[in-house]
Amino acid sequence: MPNLVPALSVVLGLLLAFRANTSYARYYEGRQLWETLISNARNLARLVWVSIPERTQNDHLEKMRCMKLLLAFAVSTKHHLRREFGCDYYDLEHLLPPHWIPAAADDLEDPTAVNTPISKHGDEGHEEEEPLLSEPPRTSYNSATKNKKFVSDEDLPDVEVGEMSLPLEILYRMSLYIAQAKNVGKIDGTFSSNIISHLNTMNDCLAGLERIANTPIPGSYHIHLKQALFLYLTAIPFTLVAELRWWLVPTIVLASFTLYGIEAIGAEIENPFGYNHNDLPLNRFCDNLRKEIEFIVYHFPCETENALMTVRSHATTGMAANLVS
């Protein structure tokens, strides 16, 4: 028995060190990926708002929807990592354009149901001016509707069982918007490639976050670690009872608290995307991004002849209004 305890100590130390280091590596990588995602969303918000011109009212509407989709990507990624599918969430539903039903929610709603949007009118019969970040009510549509321009025998079979996560759908829509802006001459090929590079980086971040969320620590490792802890704490009293006597009880309690605490910490942080107190504050990350995008939309002009003076006056006016209110 005295020879067994030192051997178990070495093995247990290696297991606990590996457990804690592996879990913290997942936690830290998740934080890095979120920082990269937020950084690219900020860059895209600036590039889209400043560099894509608005020639018509429809151009402004499309740009506003793209700005909202940038925020929707971060929010939908948060829900996707938590396995909360669909778009019926207070912080997500109003960010999506009308006629949008996520693929993950197709089995929860009737795709043939259509709701007619109702216009709001003021006292004088004129349509009320909506805030920049608001949208008309969303209506349903059939996601299986085909919009193919060409059809051939080499097309993939349509078995209607395909699925795409909401963040990927959002990236796809933003890519279509950038391609459309390039085709009509609003932006050139170099600028389009720059934006696509940011979108690709956001896709890579999503893939890395999914890898962390969908790759748990193997269950056999959990079981073996708990068994090793139990054997160690069961064997150690027989080697210390002659020296510690009654002090053995608090010593074993303290050792149990320390060792099982290390194991519990590893289990707590191995998936950092949930609602636990020690998980990453994803709600705060998304809320900060929302505030930054809203500030860009409400306080900075998208086109100006005197950038330094105009932007400063806009920002100062907005801040003054906030202070007064």
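Residues numbered from 1 in each chain as written. Predicted model: local features only at pLDDT ≥ 70, side-chain atom pairs only at ≥ 80, totals over all residues. Heavy atoms only, no water.

Under an unreviewed UniProt entry, the protein has the name Bestrophin, RFP-TM, chloride channel-domain-containing protein and belongs to Syncephalastrum racemosum. What UniProt records for the protein under Subcellular location (unreviewed entry) is the sentence "Cell membrane". (UniProt positions renumbered as here; feature names shortened; annotations may be inferred.)

Participant: For the packing of aromatic side chains, give the residues involved together with the corresponding values.
Facilitator: Taken as a whole and judged by the stated rule, the model has four aromatic pairs. Here phenylalanine 18 and tyrosine 221 contribute two aromatic rings whose centre-to-centre distance is 5.5 Å and whose plane-to-plane angle is 65°, an arrangement assigned as edge-to-face. A residue pair is termed long-range when its members are at least 10 positions apart, and phenylalanine 18 in helix H1 (residues 4-51) and tyrosine 221 in helix H5 (residues 219-244) qualify at 203 residues. For phenylalanine 18, a relative accessible area of 49% translates into the label partly exposed. Taken together, Tyr24, Tyr27 and Tyr28 form an aromatic cluster joined through their ring pairs. Above the ring of tryptophan 49, the side-chain terminus of lysine 63 is found at 5.4 Å from the ring centroid. Seen from the ring of tyrosine 275, arginine 82 lies directly overhead, with NZ or CZ sitting 4.1 Å from the centre. (Phe/Tyr/Trp six-rings, centres within 6.5 Å; stacked < 30°, edge-to-face > 60°. Helix = DSSP H or I, 4+ residues; strand = E, 2+ residues; numbered from the N terminus. Buried < 20%, exposed > 50% of the residue type's maximum accessible area, 1.4 Å probe, protein only. Lys NZ or Arg CZ within 6 Å of the ring centre and 35° of its normal.)

Participant: I'd love a proper account of the packing of helix H3 (residues 166-183) against helix H4 (residues 189-213), names of residues and values included.
Facilitator: Interaxial distance between H3 and H4 falls to 10 Å at its minimum, and their mutual angle equals 175°. Considering their axes alone, H3 and H4 lie roughly antiparallel with respect to each other. The segment H3 lies against H4, with Pro167, Leu168, Leu171, Met174, Ser175, Ile178 and Lys182 engaging Gly189, Ser192, Ile195, Ile196, Leu199, Met202, Asn203 and Leu206. When grouped by side-chain class, the residues that make up the contact of H3 with H4 number 10 nonpolar, four polar and one charged. (Axes fitted to C-alpha atoms, helices over the stretch in contact; angles between N-to-C directions. Parallel < 35°, antiparallel > 145°, perpendicular 65-115°, else oblique. Contact = heavy atoms within 4.5 Å. Nonpolar A, V, L, I, M, F, W, Y, C, P; charged D, E, K, R; others polar.)

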